[in-house]
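Listed below, chain by chain, are the residues.
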Amino acid sequence: MAITNEQAQLLIGIEKKILIDNSPVDSVTLQQEFPIDIRYHLIDSAEGNFEFLWRISQSSKNVIKLSLHVQDEDSNIGLLRIDYNGPHQNPQIAKEDLPEKFLPYVGRWFDNESHIHYYVDGYRPLAWAIPITDSSIETKIIEADKTETIKNAILEFAKVINVKTNINVQTMLI
């Protein structure tokens, strides 16, 4: 399944519910543990035609990844991912139809800098990223000793990907 940039944005914007035991739920409680590694299956809340995978993962070095993938029988296409405190390098060469917002970041190396990956048609999945500081995301950094920042990042990402299930994040006791 190949999609356009516009279709990727539409899929991100579809209202979604978290599935528990193959049923959409109105609320969930997420227990923060170190390292975090949670997968939620999502379904579009209107028609149920699209399934998604939302993954929240953390390395022992406190790199947090929040990602959304659309899934069907034949594909698993990455639509959006936020990497907090992680490395990444954008492609060195831009095709002429590369969306303008990525042009300043051709070949950009993110050295443990928080950034947002986007689906861009014609490139490997989630190859392109922009610095989180150049985005509308409010949670710009995550601090290892402040679990509230992790909670805020998770809840904000849920809002960005339009999850309508109420999420209660229980922060870690340090």
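Placed above this text is the structure.
Residues numbered from 1 in each chain as written. Predicted model: local features only at pLDDT ≥ 70, side-chain atom pairs only at ≥ 80, totals over all residues. Heavy atoms only, no water.

### A closer look at the pairing of strand S3 (residues 27–31)
Burial along S3 is one-sided: Val28 and Leu30 are buried, and none of Ser27, Thr29 and Gln31, which face the opposite way, are. Both S3 and strand S12 (residues 166–170) contribute to a ladder of five bridges, which runs parallel. Counterpart to Gln31 in the pairing with S12 is Gln170. (Buried < 20%, exposed > 50% of the residue type's maximum accessible area, 1.4 Å probe, protein only. Helix = DSSP H or I, 4+ residues; strand = E, 2+ residues; numbered from the N terminus. Pairing = 2+ DSSP bridges.)

### Side note on the packing of aromatic side chains
The final tally for this structure, using the stated rule, is five aromatic pairs. Judged by centre distance (5.5 Å) and plane angle (90 degrees), the rings of Tyr123 and Trp128 are edge-to-face. For Trp128, a relative accessible area of 0% corresponds to the buried category. By way of ring pairs, the aromatic residues Phe102, Tyr118, Tyr123 and Trp128 are connected into one cluster. A cation over a ring is seen here: Lys95 above Tyr123, with NZ or CZ 4.8 Å from the ring centre. Note that Lys101 overlies the ring of Tyr118, its terminal NZ or CZ placed 3.6 Å from the centroid. (Phe/Tyr/Trp six-rings, centres within 6.5 Å; stacked < 30°, edge-to-face > 60°. Lys NZ or Arg CZ within 6 Å of the ring centre and 35° of its normal.)

### Focus on unusual backbone geometry
Notably, Asn85 is not glycine yet its phi reads approximately 65 degrees, a positive angle. Within the secondary structure layout, Asn85 lies in the loop between strand S7 (76–84) and strand S8 (88–89). The residue Asn162 is not glycine, and still its phi comes out positive at about 65 degrees. By secondary structure assignment, the location of Asn162 is in the loop between helix H2 (147–160) and S12. Using a relative accessible area of 16% as the deciding quantity, one classes Asn162 as buried.

### Things to note about H2
Given a rise of 1.5 Å per residue, 14 residues ought to cover 20 Å, and the 20 Å separating the end C-alpha atoms of H2 matches this to within 8%. For H2, the full list of buried residues reads Thr147, Thr149, Ile150, Ala153, Ile154, Glu156, Phe157 and Ala158. The first or second residue beyond H2 is Asn162, which carries a positive phi of 65 degrees. (Expected span 1.5 Å × (residues − 1).)

### Details of the pattern of salt bridges
Counted under the stated rule, the structure contains five salt bridges. For Asp26, the salt bridge goes to Lys17, with nearest N and O atoms at 2.5 Å. By relative accessible area, which is 57% here, Asp26 ends up exposed. Of the residues examined, Lys17 reaches a relative accessible area of 16% and is grouped as buried. (Salt bridge = Lys/Arg side-chain N within 4 Å of Asp/Glu carboxyl O.)

### Quick word on a negative patch on the surface
A contiguous patch of negative charge, built from Glu6, Glu96, Asp97 and Asp121, is present on the exposed surface. Within the secondary structure, Asp121 sits in the loop between strand S10 (115–118) and strand S11 (128–131). We classify Asp121 as partly exposed; its relative accessible area is 35%. (Patch = residues over 30% accessible without salt bridge, like charges linked within 9 Å, V, L, I, M, F, W, Y side chains within 5 Å. Areas by Shrake-Rupley, 256 points an atom, 1.4 Å probe, with all protein chains shown as cover. Lys, Arg positive; Asp, Glu negative; His and termini not counted. Charge placed at Lys NZ, Arg CZ, Asp CG, Glu CD.)

### Brief notes about helix H1 (residues 5–13)
All buried positions along H1 are accounted for by Asn5, Ala8, Leu11 and Ile12. Down the axis of H1, the sector holding all buried residues measures 120 degrees, keeping them to one side. Opposite the packed face of H1, turned more than 90 degrees from it, sit the exposed residues Glu6 and Leu10. (Arc of directions from axis to C-beta.)

### Some details on the nonpolar core
Grouped burial of nonpolar side chains is what soluble globular proteins tend to show. If you look at the biggest cluster of nonpolar residues, it comprises 45 residues, and the most contacted ones within it are Ile18, Leu42, Trp54, Leu79 and Ile161. Here Leu42 is in contact with Lys16, Lys17, Ile18, Leu19, Phe50, Glu51, Phe52, Trp54, Leu68, Ile161 and Val163, once residues within four sequence places are set aside. (Core = buried A, V, L, I, M, F, W, Y, C linked by side-chain atoms within 4.5 Å. Contact = heavy atoms within 4.5 Å.)

Read these as geometric descriptors, not functional statements.
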